[in-house]
Amino acid sequence: MKKSILKADLHIHSVLSACASLDMSPKNIIEKAKELNIDVIAITDHNSCGNCEVAQRLGEKNNIIVLCGMEITVAEEFHVVALFSEISQARAVEKKLHEKLLPIEIDEDRNGYQLVVDEDENIIRHEKIFLNQATLPCDDVIKLVKENDGFFFFSHIDRDYYSILATLGFIPDKYQDMTFEIYGFDKKGMEKTIRNSDAHFIDWIGHRCFLIESKPDKESVIKNLLTSNFYYKED
Ligand SMILES: [Zn+2]
Ligand SMILES: [Zn+2]
């Protein structure tokens, strides 16, 4: 199969993120991606991949490539995203993150719900431990993602909270060659930048996208992300 240009939105929250809307079921997300002709998506809930397997199954039925992802809160208190082709890889990383979570229960009335659902939007379980907690130091996360053949990027670096720039005030030299997700700012000479929706609501999906040059399968997509075979067009 030859390479093609794939439209990607690799930062989407589902109902497992307390901050996401309750209609962000894997089923609705896949339907929306299909409507918008998005080829590749990733489900990236906070420190958890609980809805990725279902999304991947639905993606297969609808010809959408779904990566298993997580938006990880690192110990330094900013967000990064890890993406994997296989659910087993994501789960191995999730296990290490969950070892760091304090047993703080979520107040569903105040904070929202963290739901694991099935293909038909039935609730499988309510995740009670508050998931958006600081976990491992950034360098440990990078190592862990690499060991599990995943792709890593720094989330929304031009947002004024939970971003590496807002938290540290600068990007340390050791990270200069890595990939950064930007919302709207000029990329200011940064080579590897991508844009995603960070959707918490259905209508946000796809409102920022980027393009990957890859064969249309999840392993090839990860490989091409790792070799920076991607770009975005200025609006
Ligand atoms: Zn974030
Ligand atoms: Zn996010």
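Cut-off values and rules
- Residues numbered from 1 in each chain as written.
- Chains lettered and ligands numbered in written order.
- Predicted model: local features only at pLDDT ≥ 70, side-chain atom pairs only at ≥ 80, totals over all residues.
- Helix = DSSP H or I, 4+ residues; strand = E, 2+ residues; numbered from the N terminus.
- Rg over C-alpha atoms; globule rule 2.2 N^0.38 Å.
- Buried ≥ 20, exposed ≤ 12 C-beta atoms within 10 Å, placed from the backbone.
- Contact = placed C-beta atoms within 7 Å.
- UniProt positions renumbered as here; feature names shortened; annotations may be inferred.
- Pairing = 2+ DSSP bridges.
- Axes fitted to C-alpha atoms, helices over the stretch in contact; angles between N-to-C directions.
- Left-handed = near helix turned anticlockwise from the far one by under 90°.
- Nonpolar A, V, L, I, M, F, W, Y, C, P; charged D, E, K, R; others polar.
- Core = buried A, V, L, I, M, F, W, Y, C linked by C-beta atoms within 7 Å.
- Arc of directions from axis to C-beta.

### Quick look at the overall build of the protein
At step 1: Summing up its helical and strand segments, the protein has 7 helices and 11 strands in all.
At step 2: Against the globule reference of 18 Å for 235 residues, the protein gives a C-alpha radius of gyration of 16 Å, in line with a compact fold.
At step 3: Overall, the C-alpha framework of the protein stretches about 45 × 40 × 30 Å when taken along its three principal axes.
At step 4: Out of the 235 residues in the protein, the part that is buried amounts to 45%.
At step 5: Once local pairs closer than 6 in sequence are excluded, the contacts in the protein between residues at least 24 apart make up 69%.

### Focus on helix H2 (residues 52-62)
At step 1: Buried within H2 are the following residues: Cys52, Val54, Ala55, Gln56, Leu58 and Gly59.
At step 2: On its buried face, H2 is in contact with helix H1 (26-35), strand E2 (40-46), strand E3 (65-73), helix H3 (87-98) and strand E5 (115-117).

### A look at the UniProt feature "domain: Polymerase/histidinol phosphatase N-terminal" (unreviewed entry) in the protein
At step 1: This chain's UniProt record puts "domain: Polymerase/histidinol phosphatase N-terminal" (unreviewed entry) on residues 8-76.
At step 2: In the segment residues 8-76, helix accounts for 30% and strand for 30%; the C-alpha atoms at its two ends are 28 Å apart.

### Some points on the sheet that holds strand E1 (residues 4-12)
Adjacent strands of a sheet form backbone hydrogen bonds with each other and so pair up, either parallel or antiparallel.
At step 1: An order of E9-E8-E7-E4-E3-E2-E1-E10-E11 is seen for the 9 strands of this open sheet, with the pairing classed as mixed. Because the sheet does not close on itself, it has two edges, and the strands there are strand E9 (193-194) and strand E11 (230-231).
At step 2: One ladder, built from 3 bridges, connects E1 with E2; its direction is parallel. If you follow Ala8 over to E2, its bridge partner there is Val40.
At step 3: Strand contacts of H3: E3 and strand E4 (79-84), with the helix running at about 10° to E3, the strand carrying the most contacts.
At step 4: Its contacts with the sheet place helix H5 (residues 138-147) against E3, E4 and strand E7 (151-154), and it is angled at close to 10° to E4.

### A few points about unusual backbone geometry
At step 1: Non-glycine residue Glu121 carries a positive phi angle of around 70°.
At step 2: The class for Glu121 is partly exposed, based on 15 C-beta atoms found within 10 Å.

### Details of the packing of H1 against H2
At step 1: Where H1 contacts H2, the axes come no closer than 9 Å and their chain directions differ by 35°. Crossing geometry of H1 relative to H2 is assigned as right-handed. Across the interface between the two elements, Pro26, Lys27, Ile29, Ile30 and Lys34 of H1 pack against Val54, Ala55, Leu58, Gly59 and Asn62 of H2.
At step 2: Of the residues in the contact of H1 with H2, the class split is 6 nonpolar, 2 polar and 2 charged.

### Some words on the nonpolar core
At step 1: With 61 residues, the main nonpolar core has Val40, Ile41, Leu67, Val80, Ala82 and Leu83 as its most contacted residues.
At step 2: Sorting elements by how many residues they give to this core places E3 first, with 6 residues.
At step 3: Non-local contacts of Ile41, meaning those with residues more than four positions away in its chain, are made with Asp9, Leu10, Ile12, Ile29, Ala33, Ile64 and Val66.

### Comments concerning the environment of Glu60
At step 1: Within the secondary structure layout, Glu60 lies in helix H2.
At step 2: The sequence separation of Glu60 and Asp109 amounts to 49 residues, and the corresponding C-alpha distance is 35 Å.

### Some details on H1
At step 1: Restricting attention to buried positions, one finds in H1 the residues Pro26, Ile29, Ile30, Lys32 and Ala33. Take H1 and look down its axis: the buried residues cluster within an arc of 160°, on one side only.
At step 2: Positioned one or two residues after H1, Asn37 has a phi angle of 55°, which is positive.

### Observations concerning the pairing of E4
Every regular strand shows the same layout, with side chains that alternate between the two sheet faces.
At step 1: Counting buried residues along E4, 6 of its 6 residues qualify, which places the element largely inside the surrounding structure.
At step 2: In E4, alternate side chains face the same way, and those of His79, Val81 and Leu83 on one face and Val80, Ala82 and Phe84 on the other are all buried.
At step 3: Turn length for the E3-E4 hairpin, with the two strands adjacent in sequence and antiparallel, is 5 residues, and the turn residue Glu77 shows positive phi of about 70°.
At step 4: Alignment of E4 against E7, held across 4 bridges, turns out to be antiparallel. Across the sheet, the residue bridging to Leu83 is Phe151, located in E7.

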